[in-house]
Amino acid sequence: MSETIIVSICSKQKDQRKALLPARERYLGSHINIAAEEAEHMKMQFFILSGKYGLLAANELVSLYNHQLSERAVPELAARLVTQLGQFVFKIERVRFFTKNKPAWLPYGRALKEALRAYRIPLTTIELPDDA
């Protein structure tokens, strides 16, 4: 079975509860809502790209942390993503990546593109307005 998945990056705004929370609840950025709603509407799986953890399924439990991906950490995250992508029980046919054209977001996109290239998975980028 193969499918298209939707991905967006984590957010600086987080639910501050100390307990483990599903990734979809932990990250509070408006772009998360937009991407999650699109995934639900299109009946696709939604993943959040964390600079610390890599790809997190929407329901995957995540602790409270603060980490912004630096440009020099892109190769390390890309390698982690290659490993994670290889462990999926389904074949990813395409990734729809919801992003913004902000300097802090660019390393996330670079890491994802690099990892997808290893599997020749096409990437469609959906650029959200900065105020979304």
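Whatever comes next refers back to the structure up there.
Residues numbered from 1 in each chain as written. Predicted model: local features only at pLDDT ≥ 70, side-chain atom pairs only at ≥ 80, totals over all residues. Heavy atoms only, no water.

**Details of the overall build of the chain**
Part 1 of the reasoning: Along the backbone of the chain there are four helices and seven strands.
Part 2 of the reasoning: For the C-alpha atoms alone, the extent of the chain along its principal axes is close to 35 × 35 × 30 Å.
Part 3 of the reasoning: In the chain, buried positions account for 48% of the 132 residues.
Part 4 of the reasoning: In the chain, the proportion of contacts linking residues at least 24 apart, taken out of those at least 6 apart, comes to 72%.
Part 5 of the reasoning: Counting only carbon and sulfur atoms, one obtains 51% of the accessible surface of the chain, whose full area is about 7,300 Å².
Part 6 of the reasoning: Charged side chains in the chain number 19 positive and 14 negative. The centres of these two groups are separated by 5 Å. (Helix = DSSP H or I, 4+ residues; strand = E, 2+ residues; numbered from the N terminus. Buried < 20%, exposed > 50% of the residue type's maximum accessible area, 1.4 Å probe, protein only. Contact = heavy atoms within 4.5 Å. Areas by Shrake-Rupley, 256 points an atom, 1.4 Å probe, with all protein chains shown as cover. Lys, Arg positive; Asp, Glu negative; His and termini not counted. Charge placed at Lys NZ, Arg CZ, Asp CG, Glu CD.)

**Some points on the pairing of strand E4 (residues 54–57)**
Part 1 of the reasoning: In the sheet, strand E3 (residues 45–50) pairs with E4 via four bridges, with the strands oriented antiparallel. If you follow Leu49 over to E4, its bridge partner there is Leu55. (Pairing = 2+ DSSP bridges.)

**A few points about the side chain of Asp15**
Part 1 of the reasoning: Among the structural elements, Asp15 can be located in the loop between strand E1 (2–9) and strand E2 (21–22).
Part 2 of the reasoning: For Asp15, a relative accessible area of 16% gives the class buried.
Part 3 of the reasoning: At 2.9 Å, the side chain of Asp15 forms a polar contact with the side chain of Arg17.
Part 4 of the reasoning: Excluding anything up to four places from it in sequence, Asp15 contacts Leu21, Glu25, Arg26, Leu28 and Leu64. (Polar contact = N/O pair within 3.5 Å; in protein donor to acceptor, adjacent residues only side chain to side chain.)

**Let's talk about the packing of helix H3 (residues 74–87) against helix H4 (residues 106–119)**
Part 1 of the reasoning: Axis separation between H3 and H4 bottoms out at 8 Å; the angle between their running directions is 45 degrees. Classed by the angle they form, the pair H3 and H4 counts as oblique. Regarding H3 and H4, the two cross each other, and that crossing is right-handed. For the pair H3 and H4, contact is made by Val74, Pro75, Leu77, Ala78, Leu81, Val82, Leu85 and Gly86 and by Pro107, Arg110, Ala111, Leu112, Glu114, Ala115, Leu116, Ala118 and Tyr119, respectively.
Part 2 of the reasoning: For the contact of H3 with H4, the per-class residue count stands at 14 nonpolar, one polar and two charged. (Axes fitted to C-alpha atoms, helices over the stretch in contact; angles between N-to-C directions. Parallel < 35°, antiparallel > 145°, perpendicular 65-115°, else oblique. Left-handed = near helix turned anticlockwise from the far one by under 90°. Nonpolar A, V, L, I, M, F, W, Y, C, P; charged D, E, K, R; others polar.)

**Examining the side chain of Arg26**
Part 1 of the reasoning: If you trace the backbone, Arg26 turns up in helix H1 (residues 23–26).
Part 2 of the reasoning: An unpaired buried charge is present at Arg26: no salt bridge exists, and Asp15, the closest side chain of opposite charge, is 4.5 Å distant.
Part 3 of the reasoning: Within the structure, Arg26 has its side chain in polar contact with the backbone oxygen of Asp15 (distance 2.6 Å).
Part 4 of the reasoning: At a separation of 3.2 Å, a polar atom in the side chain of Arg26 contacts the main-chain carbonyl oxygen of Val62. (Salt bridge = Lys/Arg side-chain N within 4 Å of Asp/Glu carboxyl O.)

**Brief notes about H3**
Residues lying three or four places apart along an α-helix face the same way, a consequence of the helix completing one turn every 3.6 residues.
Part 1 of the reasoning: Over its 14 residues, H3 runs 20 Å from end to end, which matches the ideal 20 Å to within 8%, given 1.5 Å per residue.
Part 2 of the reasoning: Listed in full, the buried residues belonging to H3 are Val74, Leu77, Ala78, Leu81, Gln84 and Leu85. One side of H3 carries all its buried residues, which in axial view fall inside an arc of 125 degrees. Residues of H3 that are exposed and angled more than 90 degrees away from the buried face: Glu76 and Gln87.
Part 3 of the reasoning: Here the buried face of H3 lies against E3, E4, strand E6 (91–99) and H4. (Expected span 1.5 Å × (residues − 1). Arc of directions from axis to C-beta.)

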